[in-house]
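Per-entry structural report
One letter stands for each residue in the lines below.
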Amino acid sequence: MSCTVALAVAGALAAVTVGSVFVFGVLPKDDDAAGGAGQQPPAATGPANPSDGDGAGRIPEAYLGTWRGKADASGGTIPLGTFTVTLRQAEPGARVGTVVQRDLIGNTCTDVLTLKSASPKELVATGKGASNNGGQCARTSHTVYLRPDGKHLKYTSDDPEAGDPRARLARVE
């Protein structure tokens, strides 16, 4: 009985590890992003009332802060662990935040987000793996979409290398 349980646990860990290798990429690439895990994006200065956003980039206050939730890929067939998204005020072209992904076995990958546009209906950013990520993390640029969903944010990403991740995030702070 205990041998069967041990083999089942070992098989499950092997499957998650192999799946993570395919989902997050195996080899480092030359196109590293600036910044790294644990660094907070700088706040930008702007108009006194950014709460409504302007469609061109000023971020509605409803997006700002830290959000966390369970993530998956490949249409929900691969669990990715937890995404923590931190967003600060920024102008288009500037660093707006990070996405920290902690997988089911404890590996961590950080994406640096650069703002493309923001409106009350959608925030669009370019995500790119931080330069100090491990080899298990995808490093290619991809588009990240954040959309309000009641008191939550829906996270989706056009990132085929990572299985087009998605998550439903709740505000942490």
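As shown above, the structure is provided for reference.
Let me sum up the structure you'll find in this document. (Residues numbered from 1 in each chain as written. Predicted model: local features only at pLDDT ≥ 70, side-chain atom pairs only at ≥ 80, totals over all residues. Heavy atoms only, no water.)

1. As for the nonpolar core
The line we're drawing: Each nonpolar core is a collection of buried residues, namely Ala, Val, Leu, Ile, Met, Phe, Trp, Tyr and Cys, held together in the definition by side-chain atoms within 4.5 Å. To sort residues, take the accessible area from a 1.4 Å probe on protein chains only and compare it with the maximum for the residue type: under 20% means buried, over 50% means exposed, and anything in between is partly exposed. Think of it this way: any DSSP run of H or I at least four residues long counts as a helix, any run of E at least two long counts as a strand, and we number them from the N terminus. In what follows, residue pairs with any heavy atoms lying within 4.5 Å of each other are defined as contacts.
Counting 24 residues, the largest nonpolar core has Val 85, Leu 146, Tyr 155 and Leu 169 as the members making the most contacts within it. Of all the elements in the fold, those that place two or more residues in this core are β1 (65–73), β2 (78–87), β3 (95–102), β4 (108–118), β5 (123–129), β6 (142–149), β7 (152–158) and β8 (166–171). Element by element, the count of residues in this core is highest for β2, at four residues. Discounting chain neighbours no more than four positions away, the residues touching Leu 146 are Tyr 63, Val 85, Leu 87, Lys 121, Glu 122, Leu 123, Lys 154, Tyr 155 and Leu 169.

2. A closer look at the sheet that holds β6
Cut-off, in case you're wondering: Here, any two strands with at least 2 DSSP bridges between them count as paired. Each axis is a line fitted through C-alpha atoms, taken for helices only over the stretch in contact, and angles between the N-to-C directions span 0 to 180 degrees.
Ordered by their spatial adjacency, eight strands build a closed barrel running β1-β2-β3-β4-β5-β6-β7-β8, and the pairing between neighbours is antiparallel. The sheet shows a mean angle of 30° between the axes of neighbouring strands, direction not considered. The sheet contact formed by β1 and β8 spans four bridges and is antiparallel. Bridging from a neighbouring strand, Trp 67 pairs with Arg 171 of β8.

3. Quick look at the state of the cysteines
Formally: Put simply, a disulfide is two cysteine sulfurs that come within 2.5 Å.
Summed over all chains, the structure comprises one disulfide. Note on cysteine connectivity: Cys 109 is disulfide-linked to Cys 137, with sulfurs 2.0 Å apart. Because the torsion about its S-S bond is -85°, the bridge between Cys 109 and Cys 137 counts as left-handed. Taken as a pair, Cys 109 in strand β4 and Cys 137 in the loop between β5 and β6 lie far apart in primary sequence, 28 residues in all. A single burial state applies to Cys 109 and to Cys 137, both of which are buried.

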